[in-house]
Each structure stands twice: as structure tokens, then as C-alpha cells.
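Residue-level listing of the chains:
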Amino acid sequence: MTMFLFEFMDLKWVPDTLRATIHDALDSCLGAAPRRYYDWVSREILELVEQNPAGTIVELGAGTAPITRALAGALNGRKDISLRVSDLYPNKALYKSLEKMYPGVVRAELSPVNFSQPMNFPEGSLLVLSAAFHHLRPSERGEVLKILSGYRVAVFEPLRRNPASLFLCLFGFVPAIMTPLLFWNRRPGNWRRIFWCWLCPLATLIIVWDGLVSCLRCWTEKEWKDHLARVVEDGHPVFVKSEGFNQMVVW
């Protein structure tokens, strides 16, 4: 049974500077060695589009757009695939900087995009949700899956509902503490990261709590297959893959 405790990332009253710092701390946890989760997601996505081409890859609920950044680097100048980045709370400054960094490849959606509502993207696009689906309440997930079932979708989660993931999250404060150093002058927000990670280390503590809650919110492979069987058309392939702490669901 899925437990749904609160995550600070879901609370509207969380200050924007703290929210942005939590995103940065999450990138520290998932992007660097030994996890390198974003690189794993990027490889899996590129393998998917090699098997079944997609002209546009859309990162939904992107936060700091780690998947878009990883894909843009991995595409290495390819012009046959374009990337779009979107979020319910879009980081406009960061998304604009990605457009400048990867002209003609990355397009930023600067207005809020809610993936629980019908969306307008080019036909045949691959919609990617990374560490995003578990933020939906259990009562909402069925309706959202009905909407998403009309698209080509890949859902990724960096944690699973198991003891190993819960144990890993207890040490999330370690990379969170390193966040100001890891991103010094690499992205905007040097001083807010120092404040929220060191001087008033709420982001360092929140990353542990939110990680533990994320594990409890995630669906198992059986739960994914059972729920998708109710909304995905008969004969449409559904693929669920678990690897270490990571999980991928594709339809």
C-alpha cells in the first residue's frame, strides 16, 4: 500500500529560494558519482528513441532540467531531435540559459505546464517524467494516467519502495552539504545555497525527509502494471524495468 506523507517540495508556501536550493541539493544527490542517475536516464531515453524515433523529447516537471541538460550534452549537435523543458513552477532564468547554451536544440516552456492536464506537444513526442510522478496523490494518479495514456511516455524514478532506498535516503544530507561547493559559479544562486545548506540548513534536512517520503510514495512494478492495464489500450506495450535504486516505466 502506498503511503502519502507530505513533501516540502509540494508545499506552495515554500520560499522560491529554498525550493530552488532543494532542487540543487537533489541534483547533488542524483547527478554526481556514485549514483549518476541522470546519465542513466539519458542513456535509456536515447535507446528508446533509437528503437522508435521521436522528433521531440519533453521533460515534464523538470525542476532544474537535469534530464534536458544530460540529453543536450549526449546529443552532441544532432539536429533530428529537439528538447523541450517545462515545469509547474518553471525556473525561467535557468531555462532561458539552456536555450542560449543549446540554440536550436532546447526550447523552454516559460508558462506553467501541468502534466495532470491535457497538453499540446508535437505528435509523436516522447514525454519524460523524472522523479515527478510520485508527487501525485494516489487519488489523482488514475485520472492522470488516463490523460498520459494518450501520449508516448517514459516515467523514471530514482528511488523504489524498498529497504535499500530508504536506507540510502538517510545519508542524503552528505551530498546536500556539498551542494554550494559543487555548483559554485556553475549556475545562479551561490549565496542562497550557502544560506539554505550551511547557515540555515533547511535544504540539507529537507532532502532527507523528502527522499524518505518519495520512497514510500513510489509504486512497485506490480502496482504500475495493474494501474496501466486499466487505462492503456489492449495490445499497447508496457515496459517496466527496475535497476538498482532506479525504476523505468514506458508505454
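Everything in this summary refers to the structure shown in the same document. (Residues numbered from 1 in each chain as written. Predicted model: local features only at pLDDT ≥ 70, side-chain atom pairs only at ≥ 80, totals over all residues. Heavy atoms only, no water.)

## Remarks on the overall build of the protein
1) Next: Within the protein, the regular secondary structure consists of 10 helices and seven strands.
2) Next: In summary, the protein has a C-alpha radius of gyration of 17 Å against a globular reference of 18 Å for 251 residues, a match within 12%.
3) Next: In terms of its C-alpha atoms, the protein occupies a principal-axis envelope of roughly 55 × 45 × 35 Å.
4) Next: Here the protein holds 251 residues, and the buried ones make up 50% of them. (Helix = DSSP H or I, 4+ residues; strand = E, 2+ residues; numbered from the N terminus. Rg over C-alpha atoms; globule rule 2.2 N^0.38 Å. Buried < 20%, exposed > 50% of the residue type's maximum accessible area, 1.4 Å probe, protein only.)

## Some remarks on the pattern of salt bridges
Two side chains that carry opposite charge are able to pair once their charged atoms sit near each other.
1) Next: Under the definition given, this model contains 16 salt bridges.
2) Next: Here E44 and K241 are joined by a salt bridge, their closest N and O atoms 2.7 Å apart. In this pair, E44 sits in helix α2 (residues 37-51) while K241 sits in strand β6 (residues 239-243), placing the two residues 197 residues apart along the sequence.
3) Next: Here E44 falls in the buried class, since its relative accessible area comes to 9%.
4) Next: Owing to a relative accessible area of 23%, K241 belongs among the partly exposed residues under this scheme. (Salt bridge = Lys/Arg side-chain N within 4 Å of Asp/Glu carboxyl O.)

## Quick look at helix α7 (residues 173-182)
1) Next: Of the residues making up α7, those classed as buried are A176, T179 and P180. Down the axis of α7, the buried side of the element spans an arc of 80°, and every buried residue falls inside it.
2) Next: For α7, the secondary structure elements touched by its buried residues are α1 (16-31), α8 (190-199) and α9 (202-217). (Arc of directions from axis to C-beta. Contact = heavy atoms within 4.5 Å.)

## Let's talk about the state of the cysteines
1) Next: Going through the model one piece at a time under the given rule, you end up with zero disulfides.
2) Next: Counting only cysteine sulfurs, C29 is the nearest neighbor of C197, a cysteine outside any disulfide, at a range of 9.8 Å.
3) Next: This cysteine, C218, is not joined by any disulfide, and C215 carries the nearest cysteine sulfur, 6.5 Å off. (Disulfide = S-S within 2.5 Å.)

## Some words on the environment of R78
1) Next: Position of R78 among the secondary structure elements: in the loop between α3 (66-75) and β2 (82-85).
2) Next: Within the structure, the side chain of R78 is placed 2.8 Å from the side chain of D80, a separation counted as a polar contact. (Polar contact = N/O pair within 3.5 Å; in protein donor to acceptor, adjacent residues only side chain to side chain.)

## What about the environment of V41?
1) Next: With respect to the helices and strands, the residue V41 is situated in helix α2.
2) Next: Note: C-alpha distance between V41 and Q247 (206 residues apart in sequence) is 9.6 Å.
3) Next: Discounting residues that sit within four places of it in the chain, V41 has contacts with I67 and F156.

## Describing unusual backbone geometry
1) Next: A cis amide bond, omega 5°, links A33 with the succeeding residue P34.
2) Next: Looking at where P34 falls in the secondary structure, it is placed in the loop between α1 and α2.
3) Next: Phi is positive for A131, close to 55°, though the residue is something other than glycine.

## Re the nonpolar core
1) Next: The biggest cluster of nonpolar side chains holds 46 residues, and the ones touching the most others in it are I45, I57, L83 and F156.
2) Next: In this structure F156 touches Y37, W40, V41, E44, I45, V128, L129, S130, A131, Q247 and M248, once residues within four positions along its chain are discounted.
3) Next: Within the second largest apolar cluster, 24 residues are counted, among which are V58, F121, A132 and V153. (Core = buried A, V, L, I, M, F, W, Y, C linked by side-chain atoms within 4.5 Å.)

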